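Observations on the model geometry
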Amino acid sequence: MVNQDNRLDVKIIAISNETSTIKRFTFVQADNEQLPAFSAGSHIMLYMKDRGGELERRYSLVGSPECRDNYQIAVKLQDRSTGGSIFLHSKAEIGDVLQICFPKNYFPLSFRARHHLFCAAGIGITPFLSMMQELKEQGGSFELHYSAKTRDDCAFHSFLVQEYPGQTHFYFSDQGNRMDTSILLDQYIGTHVYLCGPNRFTTSFSRAATSYGYPSASIHHEYFSSPDLSSSLPFLLELANGSFLSVPAEKTTLDVLLEAGYPAPYSCKVGRCGTCELPILKGKAHHLDFFLTTKQKESQVSFLPCVSRSKTEILKIGFS
């Protein structure tokens, strides 16, 4: 059932432990109708109501794109959780009804690739599960390189060994076996690289792929969280109507706009889709997105308020 906010009501029908810190949740539509179709690499936004208000978190769908009877997500209990993983791990129960958005995909498989090289660290394995299922069914060429601290921390280990024994390579740091960027070398012509994991891992492998000569169109990465704001500085946001908003260090520009009642458009909230792009009238933005090109960032014509901030004390934007 689609409610007035264009969300779907879903019910939790199963919760299982993948590791000591990762749980898998299975949802069905609350009215038992089929769920919308999705493509490999898609995610949903999950909405959870807690004492502090509504939480919204983004999770990859880990089931088969062919299955519309249920959706599955895997959630890691984060050490510095801001509410989402704690809620799901400690409060969510079978039978609970939550809300989700329709599936979206900012991390699709490339149909131009002759070979797909998946590189995952930790919970970054999640988007690759649906991708590998689709490629296996299509007879596509792929390999997975998956890094975790220990064997016990490796989610879906048994499943991967059973389903993709010839394509999967594990790296466990407690055994001194670390994944490094050399796996990007000596690949087939036409290989596309897909990266998902902590920001540091994804950024370093993306830079390495570029230095090794991979075209930018052949490097794909997924970020599940906004850049770390711990070192951010506050600034003033001036709107086209002359009003000012204070953007504190711990909040995004988009959050400040929304909290002030301004209907700023948005979708992914992690600087991937470009939906929230706004024009810059004065000042310089500190660009932290993955959507604008280098030239667009240098031009200082626009910025993405979901992740980007200001290099100047005041940033004036064409929005009111």
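In case you missed it, the structure is sitting above this.
The following refers to the structure shown. None of these values were measured; they are calculated from a predicted model.

**Looking at the pairing of strand β9 (residues 168-172)**
- When strand β8 (residues 142-148) meets β9, the two strands line up parallel, connected through 5 bridges. Note that in β9 the partner of S147 across the bridge is Y171.
- Between the parallel elements β8 and β9, the chain passes through helix α3 (residues 157-163) in a crossover that is right-handed.

**A word on the sheet that holds strand β16 (residues 302-303)**
- Ordered in space as β13-β12-β18-β14-β16, the 5 strands form an open sheet in which the pairing is mixed. In this open sheet, the two strands that pair with only one neighbour each are β13 (244-247) and β16.
- Here 4 bridges tie strand β12 (residues 235-238) to β13, and the two strands are oriented antiparallel to one another. The partner of L237 across the bridge, within β13, is L245.

**Things to note about the sheet that holds strand β4 (residues 53-60)**
- Strand order in the open sheet made by the 6 strands is β4-β3-β6-β1-β2-β5, with antiparallel pairing throughout. Of all strands in the sheet, those bounded by a partner on one side alone are β4 and β5 (71-76). Averaged over all adjacent pairs, the angle separating strand axes in this sheet is 40°, with direction ignored.
- When strand β2 (residues 22-29) meets β5, the two strands line up antiparallel, connected through 6 bridges. Bridge pairing links K23 to V75 in β5.

**Considering the side chain of S64**
- Mapped onto the elements of the fold, S64 is located in the loop between β4 and β5.
- Owing to a relative accessible area of 18%, S64 belongs among the buried residues under this scheme.
- Beyond its immediate chain neighbours, meaning those up to four positions away, S64 contacts F38, Q133 and E137.

What counts as what
- Residues numbered from 1 in each chain as written.
- Predicted model: local features only at pLDDT ≥ 70, side-chain atom pairs only at ≥ 80, totals over all residues.
- Heavy atoms only, no water.
- Pairing = 2+ DSSP bridges.
- Helix = DSSP H or I, 4+ residues; strand = E, 2+ residues; numbered from the N terminus.
- Right-handed = clockwise from strand over helix to strand, strands pointing away.
- Axes fitted to C-alpha atoms, helices over the stretch in contact; angles between N-to-C directions.
- Buried < 20%, exposed > 50% of the residue type's maximum accessible area, 1.4 Å probe, protein only.
- Contact = heavy atoms within 4.5 Å.

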